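# Analysis of the macromolecular model
Listed here are the chains, written in short residue letters.
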Amino acid sequence: MKSMNHVVSNFKESIFSTMTKMAIENKAINLSQGFPDFDGPKWVINLAKEALDEGHLGKNQYAPSMGILSLREAISANYKKLYHLDYSASSEILVTNGATEAIFCACLALLNPGDEVIVLEPFYDSYLAAIELAGAKIVPVTLKAPNFTYDINEIKEALTDKTKMLIINNPHNPSGKVYDKSELSELCQFACENDLYVMSDEVYEFLTFEKAHIPTATLENMKERTITISSTGKTFGLTGWKIGWVCSSETIISAIHKVHQFNVFCVAHPLQVAMARALEKMDEYIIEFKSEYKRKRDLLVNGLKDAGLNVLNPAGTYFALVMLPEGENDVDYCKKLIVENKVAVIPTSAFYLKSDEGKRIVRFCFAKQDETLLNALKNLK
Ligand SMILES: Cc1ncc(COP(=O)(O)O)c(C=O)c1O
């Protein structure tokens, strides 16, 4: 048989699948994968049922490739209301199969073989796959634990004449960091001075506890060069619906859409209808959503502290990191935790390419029922 694509041949099983498999085998409580072990809001699920019953109106057939207009209008209205960002519903918003498809299509649409992309590590694993499938090269720069600050000089040193894009993930998985305005301004100034695209992955935009989220595109001169990506998976606890979007200038969205149309063409129609209706009622929902997740964060963080672990308090996302004692290794520690304590978490070395820092850090997910969190804490004590 002939060989496969050389990039694909190098892909390994994701750490999330490996840990979940081990958790099942060992009957461990799974705090590894980043999704809730409880259902999304009933009222949103009911909206989907209603949409499914509207088949006579064509709602069970292909949706428009850019996404249904009412969803794009709802997304546009939210950006305007929440952040004073103006994205045209007709030309500057594309609905995608989750943020993952948006990341993938954006990389294929904008990168050429040989281009370089600066990514702040630790980073979400699909960036590497998307960049490499586009034939481009990832250039990691490490955010330093425990505060996950970057050194601007290291970013400047990573720049070459081939650098085309910078990826920012804010709020940041796995650290829970929420970028300050001063940090974002510095990164944006760097992007503007060097004429870079900025892909800003903001899927946790509503999971911030003490600080407000600042979309990259709101910074001076940034809207035209920023590719803003978000998703309803995290915000509505419906990760299985895979409804996300990408917003940018008309030219960039038109390029990304060309990949999307030959990749999936469109996103599940009735779920788009439900999301369009849900986004219109988001204001009341988000208040409760945030306070619930803040409560869960405090429950897990305080419990881990009581168990004697060196846990970092996240400002955003639904992850908390634990720094391991000197001499421990994240992968061995996670395996031991699954077998001996029946709790599965993620070794963060999987999020790093350059630095060894991940070997002394593990990630806990608190998007879980209180009972799950309490049982995990009991096992850890
Ligand atoms: C930083 C980040 N970006 C993107 C995604 C994927 O989002 P979606 O499920 O909408 O594809 C995730 C999911 O865990 C994530 O953590």
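Computed from a predicted structure; not experimentally measured.

Assigned secondary structure in the chain consists of 14 helices and 13 strands. In terms of C-alpha radius of gyration, the chain reaches 20 Å, essentially the compact-globule figure of 21 Å for 381 residues. With respect to the three principal axes, the spread of C-alpha positions in the chain is 55 × 55 × 55 Å. For the chain, the proportion of its 381 residues judged to be buried stands at 57%. Total accessible area computed for the chain in this model is approximately 16500 Å², and 52% of it derives from carbon and sulfur atoms. When the 41 basic and 48 acidic side-chain charges of the chain are each reduced to a single mean position, those positions are 4 Å apart.

To continue, consider the domain arrangement of the chain. The assigned domain composition of the chain is domain 1 (6–38 + 283–380) and domain 2 (43–281). Between the C-alpha centres of domain 1 and domain 2 there is a distance of 24 Å. Contact with domain 1, which involves 35 residues of that partner, is made by 38 residues of domain 2. Where domain 1 abuts domain 2, roughly 3300 Å² becomes buried across the two surfaces, and 64% of that area is made up of carbon and sulfur atoms. Taken together, the links from domain 1 to domain 2 amount to two salt bridges. Residues K81 and D283 are paired through a salt bridge, measuring 3.2 Å at the closest nitrogen-oxygen approach. Within the residue set of the side of domain 1 that touches domain 2, elements represented by two or more residues are helix 1 (6–9), helix 12 (282–306), strand 10 (319–323) and strand 13 (361–365). Ranked by residues supplied to the side of domain 1 that touches domain 2, first place goes to helix 12 with nine residues.

Another point: the layout of surface pockets. Leftover empty space is mapped by rolling, across the atoms, a probe with the size of a water molecule. In this model, the largest pocket occupies a volume close to 1100 Å³. Along its surface, the largest pocket is lined by 38 residues, and S14, F16, Y124, D125 and S126 are the ones closest to its centre. Elements with a contribution of two residues or more to the lining of the largest pocket: helix 2 (15–25), helix 5 (98–110), helix 6 (126–133) and helix 9 (232–235). Residues of the lining of the largest pocket, tallied by class, amount to 18 nonpolar, twelve polar and eight charged.

Ranked by internal contacts, the top residues of the largest apolar core, which has 136 residues, are I131, M199, W241 and F364. Counting residues per element, this core draws most heavily on helix 12, which supplies eight residues. Both of domain 1 (6–38 + 283–380) and domain 2 (43–281) provide at least three residues apiece to this core.

All residues adjacent to the ligand are G98, A99, T100, Y124, N169, N173, D201, V203, Y204, S231, K234 and K242. With respect to the ligand, the side chain of N173 contributes an N or O atom lying 2.8 Å from an oxygen atom. Burial of the ligand by the protein chains amounts to 92% of its free accessible area of 400 Å². Under a 2 Å grid-point criterion requiring more than half of the atoms, the pocket assigned to the ligand is the largest pocket. Taken together, the residues of the shell around the ligand sort by class into four nonpolar, five polar and three charged.

Attention shifts here to helix 12. The end-to-end C-alpha distance of helix 12 is 36 Å, a good match for the 36 Å that 25 residues give at a rise of 1.5 Å each. When helix 12 is considered as a whole, its buried residues turn out to be M282, Y285, I286, F289, Y293, K296, R297, L300, V301, G303 and L304. With its phi angle positive at about 85 degrees, G308 sits one or two positions after the end of helix 12.

Definitions and cut-offs
Residues numbered from 1 in each chain as written. Predicted model: local features only at pLDDT ≥ 70, side-chain atom pairs only at ≥ 80, totals over all residues. Heavy atoms only, no water. Helix = DSSP H or I, 4+ residues; strand = E, 2+ residues; numbered from the N terminus. Rg over C-alpha atoms; globule rule 2.2 N^0.38 Å. Buried < 20%, exposed > 50% of the residue type's maximum accessible area, 1.4 Å probe, protein only. Areas by Shrake-Rupley, 256 points an atom, 1.4 Å probe, with all protein chains shown as cover. Lys, Arg positive; Asp, Glu negative; His and termini not counted. Charge placed at Lys NZ, Arg CZ, Asp CG, Glu CD. Domains from an automatic or database assignment. Contact = heavy atoms within 4.5 Å. Buried area = accessible area lost by both parts, 1.4 Å probe. Salt bridge = Lys/Arg side-chain N within 4 Å of Asp/Glu carboxyl O. 1 Å grid on protein atoms, 1.4 Å probe; cavity = no way out; pocket = protein on both sides within 12 Å on 5 of 7 lines; lining within 4 Å. Points joined across faces, edges and corners; volume = space filled by probe spheres on them. Nonpolar A, V, L, I, M, F, W, Y, C, P; charged D, E, K, R; others polar. Core = buried A, V, L, I, M, F, W, Y, C linked by side-chain atoms within 4.5 Å. Near = heavy atom within 4 Å. Polar contact = N/O pair within 3.5 Å; in protein donor to acceptor, adjacent residues only side chain to side chain. Sits in = over half its atoms within 2 Å of the grid points. Expected span 1.5 Å × (residues − 1).

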